[in-house]
Amino acid sequence: MDRKEMDDQVIHQYKQDEQKMILIFAQWCVNNELDPFEIYQKAYPNQPANTALEDAVELTLPPAEAHQISVETLLEILSLFGNDDLAFAVNAEWSQLERKNNQ
């Protein structure tokens, strides 16, 4: 395998992993009855619509059929991809959910 093939393989794997990260984010939102587009917009207000997020939302399952995703897991995954702004927005939403559930 030459250098270009190896680079292409690394890029391809990163993109696949990034798609999984987006799907995990979208599923977490659906599981918690939150709008992933709204949270994304809060994190990145100046960015246009995210087609990868749109694709991921289409792949989400109803909460009753999906595996639960802990907020800690989601935050860790977002950190791995450097999505600190999105992690901050998720954390803020999670805090609101916890306050709402504890009332």
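Scroll up a little and you will see the structure.
Residues numbered from 1 in each chain as written. Predicted model: local features only at pLDDT ≥ 70, side-chain atom pairs only at ≥ 80, totals over all residues. Heavy atoms only, no water.

Draft legend 1. Examining the nonpolar core more closely. Core analysis: the largest hydrophobic core is formed by 25 residues, its most contacted members being Phe25, Trp28, Ile39, Leu74, Leu78, Leu86 and Val90. The set of elements that each furnish at least two residues to this core consists of helix 1 (3-31), helix 2 (36-43), helix 3 (51-59), helix 4 (71-80) and helix 5 (84-101). A total of 6 residues in this core trace back to one element, the largest contributor, which is helix 1. Among all residues touching Leu86, those that are not within four sequence positions of it are Phe25, Ile39, Tyr40, Ala43, Tyr44 and Leu78. (Core = buried A, V, L, I, M, F, W, Y, C linked by side-chain atoms within 4.5 Å. Buried < 20%, exposed > 50% of the residue type's maximum accessible area, 1.4 Å probe, protein only. Helix = DSSP H or I, 4+ residues; strand = E, 2+ residues; numbered from the N terminus. Contact = heavy atoms within 4.5 Å.)

Draft legend 2. Quick peek at helix 1. Here helix 1 is 29 residues long and its end C-alpha atoms lie 42 Å apart, about the 42 Å a rise of 1.5 Å per residue gives. Buried within helix 1 are the following residues: Met21, Ile22, Phe25, Ala26, Gln27, Trp28, Cys29 and Asn31. (Expected span 1.5 Å × (residues − 1).)

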